[in-house]
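# Summary of structural features
Listed here are the chains, written in short residue letters.
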Amino acid sequence: MKLRPLADRVIVKRVEQETKTASGIVIPDNAAEKPDQGEVLSVGPGKRNERGDIVAMNVRAGDRVLFGKYSGQTVKVDGDELLVMREEDLFAVVEK
């Protein structure tokens, strides 16, 4: 199954965080917090403004982004857990 986001929505896959601290302590899965970073897999065409023109999206597929801990709607696609959220729910693009 493939998802194609509509309007100003994006499909994000969470990026797994380290399960070991800098001092070498291993954090068990049930104690670890959900990561707040992810990779954008797909973006919609954009949101329409009051004149009916489509406003282009600021993120692209492949961007690494920051978002809120409880942002988006979780969906399972082919065994992967993905998030569907609005572009406005994203905080920033992580640049290397």
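I will try to describe carefully the structure that is included in this document. Bear in mind the structure is a predicted one, so any value in this text is a computation, not a measurement. (Residues numbered from 1 in each chain as written. Predicted model: local features only at pLDDT ≥ 70, side-chain atom pairs only at ≥ 80, totals over all residues. Heavy atoms only, no water.)

## Describing the overall build of the protein
Within the protein, the secondary structure is distributed over 0 helices and 8 strands. Starting at the N terminus, the α and β elements of the protein follow one another as β-β-β-β-β-β-β-β. Surface summary for the protein: the accessible area is close to 7100 Å², and the carbon and sulfur share equals 48%. (Helix = DSSP H or I, 4+ residues; strand = E, 2+ residues; numbered from the N terminus. Areas by Shrake-Rupley, 256 points an atom, 1.4 Å probe, with all protein chains shown as cover.)

## A word on the pattern of salt bridges
One pass over the full model with this rule turns up 3 salt bridges. Of the charged contacts, one joins Asp8 and Arg86 as a salt bridge, the two residues approaching to 2.8 Å between their closest N and O atoms. One end of the pair, Asp8, is in the segment before strand 1 (9-14); the other, Arg86, is in strand 7 (residues 80-86), and 78 residues separate them in sequence. For Arg51, the salt bridge goes to Asp53, with nearest N and O atoms at 3.5 Å. Residue class for Arg51 comes out exposed when judged on its relative accessible area of 67%. For Asp53, a relative accessible area of 38% translates into the label partly exposed. (Salt bridge = Lys/Arg side-chain N within 4 Å of Asp/Glu carboxyl O. Buried < 20%, exposed > 50% of the residue type's maximum accessible area, 1.4 Å probe, protein only.)

## Quick notes on the sheet that holds strand 2 (residues 37-43)
On the basis of which strands lie adjacent, the open sheet formed by 6 strands has the order 6-7-1-2-5-8 and antiparallel pairing. Two strands bound the open sheet, and with one partner strand each, they are strand 6 (73-77) and strand 8 (90-94). Averaged over all adjacent pairs, the angle separating strand axes in this sheet is 40 degrees, with direction ignored. (Pairing = 2+ DSSP bridges. Axes fitted to C-alpha atoms, helices over the stretch in contact; angles between N-to-C directions.)

## Things to note about the environment of Met57
Mapped onto the secondary structure, Met57 falls in the loop between strand 4 (54-55) and strand 5 (64-67). With 14 residues separating them along the chain, Met57 and Val43 place their C-alpha atoms 7.7 Å apart. Setting aside anything within four residues of it in sequence, one finds Met57 in contact with Ala7, Asp8, Arg9, Val10, Val43, Gly44, Pro45, Gly46 and Glu87. (Contact = heavy atoms within 4.5 Å.)

## Let's talk about the nonpolar core
Counting 10 residues, the largest nonpolar core consists of Val10, Val12, Val40, Met57, Val59, Val65, Phe67, Leu83, Met85 and Leu90. Other than its neighbours up to four places away in sequence, Val59 contacts Val10, Val43, Val65, Glu87, Leu90 and Val93. (Core = buried A, V, L, I, M, F, W, Y, C linked by side-chain atoms within 4.5 Å.)

## Observations concerning the side chain of Asp63
On the secondary structure map, Asp63 appears in the loop between strand 4 and strand 5. Summary of buried charges: Asp63 has no salt-bridge partner, and the nearest side chain of opposite charge, Arg60, is 4.8 Å away. At 2.9 Å, the side chain of Asp63 forms a polar contact with the backbone nitrogen of Arg60. If sequence neighbours within four positions are ignored, Asp63 has contacts with Gly38, Glu39, Val40, Asn58 and Val93. (Lys, Arg positive; Asp, Glu negative; His and termini not counted. Polar contact = N/O pair within 3.5 Å; in protein donor to acceptor, adjacent residues only side chain to side chain.)

## Details of the environment of Val93
Structurally, Val93 is set in strand 8. Note: C-alpha distance between Val93 and Val59 (34 residues apart in sequence) is 7.6 Å. Every residue in contact with Val93, bar those within four places of it in the chain, is listed here: Val59, Asp63, Arg64 and Val65.

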